[in-house]
Amino acid sequence: MREYLLTILVAALVAYLLTPAVRRFAVRFGAQAAPRDRDVHVIPTPRLGGLAMFGGMVAALVVATGLPEMRKVLASADVNVGKALLLSGGLIVLVGIADDRWGVDALTKFAGQVAAAGILIMQGVQLYVIPMPNGEPLSLPPSYGVPLTVFVVVATINAVNFIDGLDGLAAGVVGIAALALFSYAYLLSKSNGLTTLDSATLTAAILVGMCAGFLPHNFNPARIFMGDTGSMLIGLLLSSSTILLTGNFDPTLLGEYGLFPFWVPLLLVPAVAAVPFLDMLLAVWRRTNQGMSPFAPDKLHLHHRLLELGHSHRRAVLIMYFWVSLLAVGLVGIAVVPSTPLVAGGTLTVGVVGMVLMVALPRMAARRTAPEVAPQPVPPVPRSHEPV
């Protein structure tokens, strides 16, 4: 655990310290987000925050590969995770910089995302097996494993990109998802007597640190946006950790936990990213149904609807954090705690309470802030004058 804590700390510290310098560079470079009708910010805000996050990732990889125990594990692994993340992350950052500064068309971004996924595959980050209901892993030949890996990477990148609409939203949601993946891998390995040092857990730990270091600068009111540079980068790392964890555990060794932990890597990211994935699918359906491009911007995303309900900017973000955390804790709890009904019941109870509060809070706040109307005096009724 000490190796992971040091890695998380280095990634967070470097990303935090680099962000002010990146902000000044973005202003001089001209990479600023001007307010638009569908945006919630009202002043030009620098982008390129992903550059600081990339710096945190590089520093964490350097430190991790310098630790004796971690270096031995990474050297004996089939996947060169350091090279994979540096090359694919570097490419996606270059595409993001071009988009944040000059703007690139959707097809060019898609090509960059596919190329980054191809680099991951060439370095061994690929889906080789899929868990089946009977517990037997289904081996995937390259003709199936390669396109499926590309689909997972591209879909995750775009889901994170879609949710990056409120200050601190994408960094917080992805950070929570990465923390859930890290907890799942570490706790399950430790409880089954397996080594806790591997490339999948390391990738999740680095992602936790990157998001934690950038979030103080990005939370409302944001002083800098991560831009496509950051949203595509953290989406890439989130998909990489998921792919590396898939099939990482032998179902015959899970014992009393059953087969559910074998499915968690494939379920966890769609579950914690259910909000951005669902928002992305609804946006594509809504725009194509109206005869628009699926990439055309609008102001009908879920976070915009939360603002319309009466939630403040920060409260809308915290609500999204709550739902992502609830789903993540529920899935990880079911995977590592033998008492499944207890975990599921507790998660459902907390979810119901959260739903009630989400609806009630705006109304309660509106009642508290509503001005009291002073009662108007009733004018006296004039008496009729009878003739004398």
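Structure first, text after, so check above.
Residues numbered from 1 in each chain as written. Predicted model: local features only at pLDDT ≥ 70, side-chain atom pairs only at ≥ 80, totals over all residues. Heavy atoms only, no water.

Before going further, it helps to examine helix α5 (residues 106-122). The terminal C-alpha atoms of α5, which comprises 17 residues, lie 24 Å apart, in line with the 24 Å expected from a rise of 1.5 Å per residue. Buried residues of α5: K109, G112, Q113, A116, A117, I119, L120 and I121, and no others. Where α5 is buried, its residues touch α4 (81-101), α6 (142-163) and α9 (227-245). Among the residues of α5, the N-terminal cap falls to D105, whose side-chain oxygen and the backbone nitrogen of L107 are separated by 3.2 Å. G124 sits one or two positions beyond α5 and adopts a positive phi of about 100°. (Helix = DSSP H or I, 4+ residues; strand = E, 2+ residues; numbered from the N terminus. Expected span 1.5 Å × (residues − 1). Buried < 20%, exposed > 50% of the residue type's maximum accessible area, 1.4 Å probe, protein only. Contact = heavy atoms within 4.5 Å. Polar contact = N/O pair within 3.5 Å; in protein donor to acceptor, adjacent residues only side chain to side chain.)

The next thing to look at is the packing of α4 against α9. Running from N to C, α4 and α9 cross one another at 155°; their axes reach a closest spacing of 7 Å. If you check the angle between α4 and α9, you find them roughly antiparallel. Note on packing geometry: the crossing formed by α4 with α9 is right-handed. Of the residues in α9, those touching α4 at V81, L85, S88, G89, I92, V93, V95, G96, I97, D99 and D100 are G227, D228, T229, M232, L233, L236, L237, S240 and L244. (Axes fitted to C-alpha atoms, helices over the stretch in contact; angles between N-to-C directions. Parallel < 35°, antiparallel > 145°, perpendicular 65-115°, else oblique. Left-handed = near helix turned anticlockwise from the far one by under 90°.)

Quick look at unusual backbone geometry now. The omega torsion of the bond from N220 to P221 falls at 0°, within 30 degrees of zero and hence cis. Phi at L48 is positive, roughly 70°, even though this residue is not glycine. Mapped onto the elements of the fold, L48 is located in the loop between β2 (45-46) and α2 (49-66).

Bringing the packing of aromatic side chains into the picture now. Taken as a whole and assessed by the stated rule, the structure comprises six aromatic pairs. Aromatic pair Y4 and F182: ring centres 5.3 Å apart, planes at 80°, arrangement edge-to-face. One end of the pair, Y4, is in helix α1 (residues 2-29); the other, F182, is in helix α7 (residues 169-191), with 178 residues separating them in the sequence. Looking at Y4, the relative accessible area reads 0%, which means it is buried. According to the relative accessible area criterion, F182 is buried, its value standing at 6%. Pairing F219 with Y321 gives two aromatic rings, centres 6.5 Å apart and planes at 35°, and the pair type is tilted. Placement of the pair is F219 in the loop between α8 (199-218) and α9 and Y321 in helix α13 (residues 313-336), with a sequence separation of 102 residues. When its relative accessible area of 22% is taken as the criterion, F219 is described as partly exposed. By relative accessible area, which is 12% here, Y321 ends up buried. In textbook terms, an aromatic cluster arises when at least three aromatic residues are bridged by ring pairs, as seen for Y4, F182 and Y186. The ring of F29 has R101 lying over it, and the distance from NZ or CZ to the ring centre is 5.7 Å. (Phe/Tyr/Trp six-rings, centres within 6.5 Å; stacked < 30°, edge-to-face > 60°. Lys NZ or Arg CZ within 6 Å of the ring centre and 35° of its normal.)

Next up on the list: the nonpolar core. Grouped together as the largest cluster of nonpolar side chains are 88 residues, with contacts concentrated most on M57, M210, L233 and I234. Take this core: its biggest share by element is 15 residues, from α7. Excluding anything up to four places from it in sequence, M210 contacts A11, A15, M53, G56, M57, L233, I234 and L237. (Core = buried A, V, L, I, M, F, W, Y, C linked by side-chain atoms within 4.5 Å.)

With the rule as written, the count across this model stands at two salt bridges. A salt bridge links D99 to K109; its shortest N-O distance comes to 3.7 Å. Pair noted here: D99 is in helix α4 and K109 is in helix α5, with a separation of ten residues, a long-range link. You can call D99 buried: its relative accessible area is 12%. The partner of K109 in a salt bridge is D228, with the nearest N and O atoms 2.9 Å apart. (Salt bridge = Lys/Arg side-chain N within 4 Å of Asp/Glu carboxyl O.)

Relative to the assigned elements, A111 resides in helix α5. In the structure, A111 is positioned 16 residues away from V95 in sequence and 9.6 Å away in space, judged by C-alpha atoms.

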